[in-house]
Amino acid sequence: MFIVKSENPFQSTSECMLIGLYDKTEKFSGGLAALDEMFAGDLTELVKSGDISAKYKSVSVIHSLGRTGIKRLVFIGLGKEKDRTLNDVKIALGAACKKIDGMRLKQFSVAIDTFTNAEISEADAALIFSEAYILSTYKFAGYKQRSNEPDVKVESIHVFTEADQQEVVSALEIGQAYGEGTNSTRTLVNLPGNMLKAVDLAEYARSLGEKHELEVEILSKEEIEKLGMGALLAVNQGSTEPPFMITLKYQGKSEWTDVIGLVGKGITFDTGGYSLKPKDGIVGMKTDMGGAAAVLGAMEIIGKLRPEQNVVAVIPTTDNMVNGNAFKPDDVITSMSGKTIEVLNTDAEGRLVLADAITYAKHNGANFLVDIATLTGGVIVALGLDKTGALTNNEELFEKVLMASYEADEFIWRLPYTEKDKERVRSSKIADLNNSPGREGHAIMGGAFVGEFVENTPWVHLDIAGTATIKSAHELGPDGATGVMARTLALLVENFDEGEKK
Ligand code: BES
Ligand code: ZN
Ligand code: ZN
């Protein structure tokens, strides 16, 4: 899709060229000055008249009227050069790519060097360009009889740069992997519950593993029973669909040590069970496998980029349904760890399936754990719809997750996790734990419950109930699933040893 070219971009021929425009009060400089000359200074005039704007995120389309071999110039305003970070420019690129996507072209070009500044190299610009293009033009196909998919699709993008070709080629590949992995997460989350059952999620994981040389293990219901995963089985009890415990392993080191465990909640539909959700709360619960999808998206990125790290991904999957067999409030169940749990609320099912998954990740050698889940409505009450809530038992690991989230531009906010919180999840009269200690601070309670199974392993809990989906379209994607945390998790793995190297 991306073809790197080292000739002068403005001497080339193309249907369309994307150009970054920083707000410089002086005249056009460098390559852009040469372009302005081809227009006999008219571009400068157009900037003066406001027809071309350097305002951040503003997109201006100019027809060249035959003055160059490029039919249309698309200028994306980047604002003041010194203020612009990589993530700012990525967002602006998304806005521009959306505009170009609407032009129904088979090919377009980008003058990648026009996006560089003191902080952003040509390779950086190439990476954020390919990622932004892939993210911003994502669409979920849907099931309409008359598809709204355009008949013309971009087949090739010519990337012009004076920088080292190989560096730019590999930067484009990295951005592409991050974009595509995130889009896979989005698609999984957007799929309705009848189209993506536990068995489908398991099959998806199997083919992902085969494609990217990851070791795959999918435990059947019988194997789950043999291992005593009573918490996952309890949630599955009301379903006509079998549960699965999915494990993917990526070994990037010679020894299976320092293993990073990624554990994702894979509830393909959450009715709430006998603690049934109200009719408005049940709509949208197809997204309750957002944690699983983020882990699978991250594993796709990891499988493509092959960092020198070891990763085990564990995904417990089932739907949470009601029938005559379903588990009930007041039931006491026994988890794989041996810990017994008094079920006070069958709608607090995520923490139950995560409990057995955490135990299983530890059995598979995980030395660090990150669990990720659409776990509580409470995190939305606490932090809103654009912040992922976090809990941790380890400052150092949390710092690594936070750094990765900054790089991915995915906001995380840490909630407190104290001895009192631990006491509350341990406060059952008849079992070791209870799964729902009440509404107060219940985003913390969800995480604290998972923490009981983590024990002393360094751990970060991420609650993406608010951030897995978005109500309106944005520069880097449409409304619906965001693919949140796929990139943060992949970056966490990729950068895991960074602190030590310095
Ligand atoms: N899947 C829900 C959480 C959720 C809510 C995700 C809104 C996405 C959007 C979870 O299983 C749940 O129902 N949690 C309960 C827990 C409570 C019963 C302790 C909640 O948050 O209300
Ligand atoms: Zn629930
Ligand atoms: Zn749920």
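Cut-off values and rules
Residues numbered from 1 in each chain as written. Chains lettered and ligands numbered in written order. Predicted model: local features only at pLDDT ≥ 70, side-chain atom pairs only at ≥ 80, totals over all residues. Heavy atoms only, no water. Donors = N, O, S within 2.8 Å, 3.2 Å for Na, K, Ca; no water. Tetrahedral: all angles 85-135°; square planar, octahedral: opposite > 155°, others 65-115°. Helix = DSSP H or I, 4+ residues; strand = E, 2+ residues; numbered from the N terminus. Buried < 20%, exposed > 50% of the residue type's maximum accessible area, 1.4 Å probe, protein only. Pairing = 2+ DSSP bridges. Right-handed = clockwise from strand over helix to strand, strands pointing away. Expected span 1.5 Å × (residues − 1). Axes fitted to C-alpha atoms, helices over the stretch in contact; angles between N-to-C directions. Parallel < 35°, antiparallel > 145°, perpendicular 65-115°, else oblique. Left-handed = near helix turned anticlockwise from the far one by under 90°. Contact = heavy atoms within 4.5 Å. Nonpolar A, V, L, I, M, F, W, Y, C, P; charged D, E, K, R; others polar. Domains from an automatic or database assignment. Buried area = accessible area lost by both parts, 1.4 Å probe.

## Here we look at the coordination of the zinc ion (ligand 3)
Coordination of the zinc ion (ligand 3) by the protein comes from K265 (NZ), D270 (OD), D288 (OD) and E349 (OE), over a distance range of 2.0 to 2.4 Å. The coordination sphere of the zinc ion (ligand 3) comprises 6 donor atoms, whose angles at the metal cover 78 to 173°; the geometry is octahedral. Taken in chain order, the donor set of the zinc ion (ligand 3) reads K-x4-D-x17-D-x60-E. Between the zinc ion (ligand 3) and the zinc ion (ligand 2), the interatomic distance is 3.2 Å, and D270 donates to each metal, bridging them. With D270 in strand 10 (residues 266-270) and E349 in the loop between strand 13 (340-342) and helix 11 (350-363), this pair connects stretches of sequence that are 79 residues apart. Assigned by exposure class, D270 and E349 land together as buried.

## Quick look at the coordination of the zinc ion (ligand 2)
Those donors, D270 (OD), D347 (O), D347 (OD) and E349 (OE), are the protein atoms that reach the zinc ion (ligand 2), and they lie 2.0 to 2.2 Å from it. Because the angles between the 6 donor atoms bound to the zinc ion (ligand 2) fall within 72 to 169°, the donor set is best described as irregular. Within one chain, the residues donating to the zinc ion (ligand 2) are spaced in sequence as D-x76-D-x1-E.

## Things to note about the pairing of strand 2 (residues 14-22)
Burial of strand 2 is extensive: 8 of the 9 residues sit out of reach of the surface. Where strand 2 lies against strand 4 (residues 70-79), 8 bridges are found, and the strand directions are parallel. Of the residues in strand 4, the one forming a bridge with I19 is F75. Pairing of strand 2 with strand 5 (residues 107-111), which is carried by 3 bridges, proceeds in the parallel orientation.

## What to know about unusual backbone geometry
What is expected of a backbone is that most residues other than glycine have negative phi and most peptide bonds are trans. Despite not being glycine, A40 has its phi angle at roughly 50°, a positive value. Residue position: A40 is located in the loop between helix 1 (30-38) and helix 2 (42-49). Overall, A40 belongs to the exposed group, its relative accessible area being 67%. With a phi angle near 55°, R104 is a residue other than glycine that sits in the positive phi range.

## Digging into the pairing of strand 15 (residues 388-392)
Most of strand 15 is tucked away: 5 of the 5 residues are buried. Residues T388, A390 and T392 line one face of strand 15 and the alternating positions G389 and L391 line the opposite face, and both faces are buried. The sheet contact formed by strand 15 and strand 16 (residues 412-414) spans 3 bridges and is parallel. Bridging from a neighbouring strand, T388 pairs with I412 of strand 16. You can see the chain leave strand 15, run along helix 13 (residues 395-408) and come back into strand 16, and the turn it takes is right-handed.

## What to know about helix 3 (residues 86-101)
Along its 16 residues, helix 3 runs 22 Å from first to last C-alpha, staying within 8% of the 22 Å computed at 1.5 Å per residue. Helix 3 sits mainly inside the fold: 12 of its 16 residues count as buried. Among all positions of helix 3, only N87, D88, V89, K90, I91, A92, L93, G94, A95, A96, C97 and I100 are buried.

## Some remarks on the packing of helix 11 against helix 15 (residues 442-454)
Following both chains from N to C, one finds helix 11 and helix 15 inclined at 30°, their axes separated by 8 Å at the closest point. Taken together, helix 11 and helix 15 sit at an angle that is classed as roughly parallel. With respect to the hand of their crossing, helix 11 and helix 15 are arranged in right-handed fashion. On helix 15, the residues that touch R351, L352, L354, A355, I358, T359 and K362 of helix 11 are H442, M445, G446, F449, V450, F453 and V454. When the residues that make up the contact of helix 11 with helix 15 are grouped by side-chain class, the tally is 9 nonpolar, 3 polar and 2 charged.

## A few points about helix 4 (residues 122-136)
In this model helix 4 runs 21 Å from its N-terminal to its C-terminal C-alpha over 15 residues, within 8% of the 21 Å that 1.5 Å per residue would give. The element helix 4 is extensively covered by neighbouring structure, given that 12 of its 15 residues are classed as buried. Considered for burial, the residues of helix 4 that qualify are A123, A125, A126, I128, F129, S130, E131, A132, Y133, I134, L135 and S136.

## Section: the domain arrangement of the protein
The domain architecture assigned to the protein consists of domain 1 (2-145 + 154-162) and domain 2 (184-501). For domain 1 versus domain 2, the separation of C-alpha centres amounts to 39 Å. Across the boundary between the two partners, domain 1 contributes 14 residues, which contact 16 residues of domain 2. Buried area between domain 1 and domain 2, both sides added, is near 1,300 Å², and the carbon and sulfur share of it is 59%.

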